[in-house]
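Inside the fold
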Amino acid sequence: MQNKQYTMQEMYPLLLEVIESGGEFRLWPRGTSMMPLLRQGKDSVLLVSPHHLQKRDICLYRRADGSFVLHRLMKFKKNGAPVFCGDNQTAFEYGVPRESIIARVCDVYRGDRRISVGSKKYRLYVFFHCIMPLRFLRFLPRRAWGRLKRIFKQ
């Protein structure tokens, strides 16, 4: 059996139809912004309607430039605007309109193994990974190593 890959642009009409009708859509994300939770080519997510969003939900949204992004909802600003960030990133993304949010993740799959976003293991991961001071410290050694390499290269 041959696995055909589709772009998000090609899948978007179908994804929207499924989500708006109350269905679920399984997606294999690409990229590294949600590592270590989501690994390209190995993990997939189950998407559902974005109603009742909460802090720390993983959402699929579309940026103004047309690109699709799967990031975690970190907080809401005072005016209710969402603020996103990938688990493998340190910079928050502001200015994403609520209307741009297409779906939210209800389950993560490691191969065939389902990880519910309500499970204790998942909530523990979110608790330790999404606290800002810990997120910053996680990147500190890599940044320090990169600076040292640049210094000794010169």
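Once a new chain begins, its residue numbering starts again from 1 and follows that chain's sequence as written. Whole-chain, interface and lining totals are the exception, using all residues; otherwise, since this is a predicted model, local features are given only for residues with pLDDT of at least 70 and side-chain atom pairs are given and counted only at 80 or more. Heavy atoms from the whole structure form the basis of all side-chain values; hydrogens and water molecules are not counted.

Our focus in this paragraph is the pattern of salt bridges. By definition, a salt bridge exists where a carboxyl oxygen of Asp or Glu is found within 4 Å of a side-chain nitrogen of Lys or Arg. Overall, the coordinates contain 5 salt bridges when judged by the stated rule. Of the charged contacts, one joins aspartate 43 and arginine 110 as a salt bridge, the two residues approaching to 2.9 Å between their closest N and O atoms. Note that aspartate 43 is positioned in strand E2 (residues 43-48) and arginine 110 in strand E6 (residues 101-110), a separation of 67 residues in sequence. Between aspartate 107 and arginine 114 there is a salt bridge, with its nearest N and O atoms 3.1 Å apart. With a relative accessible area of 49%, arginine 114 lands in the partly exposed category. Within the structure, one salt-bridge network assembled from shared partners comprises Arg39, Asp43 and Arg110. Helix and strand assignments follow DSSP, with helices taken as H or I runs no shorter than four residues and strands as E runs no shorter than two, numbered in order from the N terminus. When a residue's accessible area, from a 1.4 Å probe over protein chains only, is under 20% of the maximum for its type it is buried; when over 50% it is exposed; and in between it is partly exposed.

With respect to the element layout, isoleucine 115 can be found in strand E7 (residues 113-116). Accessibility expressed as a relative area gives 15% for isoleucine 115, which makes it buried. In this structure the C-alpha to C-alpha distance between isoleucine 115 and valine 45, which are 70 residues apart in sequence, comes to 9.4 Å. Sequence-distant contacts of isoleucine 115, defined by excluding residues within four places in its chain, comprise Asp107, Val108, Arg110 and Tyr122. The contact definition used throughout considers only heavy atoms, calling two residues in contact when any of these lie within 4.5 Å.

General note: in soluble globular proteins, nonpolar side chains tend to be found buried as a group. Counting 27 residues, the largest nonpolar core has Leu15, Val45, Leu47, Leu60 and Leu70 as its most contacted members. The set of elements that each furnish at least two residues to this core consists of helix H1 (8-20), strand E1 (25-27), E2, strand E3 (58-62), strand E4 (68-76), E6 and helix H2 (120-129). The leading source of residues in this core is H1, at 5 residues. Excluding its chain neighbours within four sequence positions, the residues that come into contact with leucine 60 are Met8, Leu15, Leu47, Phe68, Val69, Leu70, Ser100, Ile101, Ile102 and Ala103. Counting residues in each nonpolar core, the second largest holds 8 residues, with Cys59, Val69, Val96 and Ile101 among its members. We define the nonpolar core as a collection of buried residues of types Ala, Val, Leu, Ile, Met, Phe, Trp, Tyr and Cys that are connected through side-chain atoms lying within 4.5 Å of one another.

Aromatic rings from Phe, Tyr and Trp, taking only the six-membered ring of Trp, are treated as a pair when their centres fall within 6.5 Å; an angle between ring planes under 30 degrees marks them as stacked, one over 60 as edge-to-face, and anything in between as tilted. Within the structure shown, the criterion is met by 4 aromatic pairs. Judged by centre distance (5.2 Å) and plane angle (50°), the ring pair of tyrosine 12 and phenylalanine 68 falls under tilted. Here the residue tyrosine 12 occupies a position in helix H1, and phenylalanine 68 occupies one in strand E4, the gap between them amounting to 56 residues. With a centroid separation of 6.4 Å and an interplanar angle of 55°, the aromatic rings of phenylalanine 92 and tyrosine 94 are classed as tilted. Residue classification places phenylalanine 92 among the partly exposed residues on the basis of a relative accessible area of 25%. Under the relative-accessibility criterion, tyrosine 94 is labelled partly exposed at 46%. Charge over a ring is defined by NZ of Lys or CZ of Arg lying within 6 Å of the ring centre and within 35 degrees of the ring normal. Its end group placed over the ring of tyrosine 109, arginine 26 keeps NZ or CZ at 3.9 Å from the ring centre.

Next up on the list: H1. By definition here, a helix of n residues has an expected span of 1.5 Å times n minus one. Between its terminal C-alpha atoms H1 stretches 17 Å, which fits the 18 Å expected from 13 residues at 1.5 Å a residue. Here the bend at a residue means the angle between the axes of two seven-residue stretches, the one that ends at it and the one that starts at it. Residue leucine 14 marks the point of greatest curvature in H1, where the axis turns by about 30°. Every buried residue of H1 is listed here: Met8, Met11, Tyr12, Leu15 and Ile19. Looking at the packing, one finds that the buried side of H1 touches E1, E2, E3, E4 and E6. Within two residues after H1, glycine 22 carries a phi angle of roughly 90°, on the positive side.

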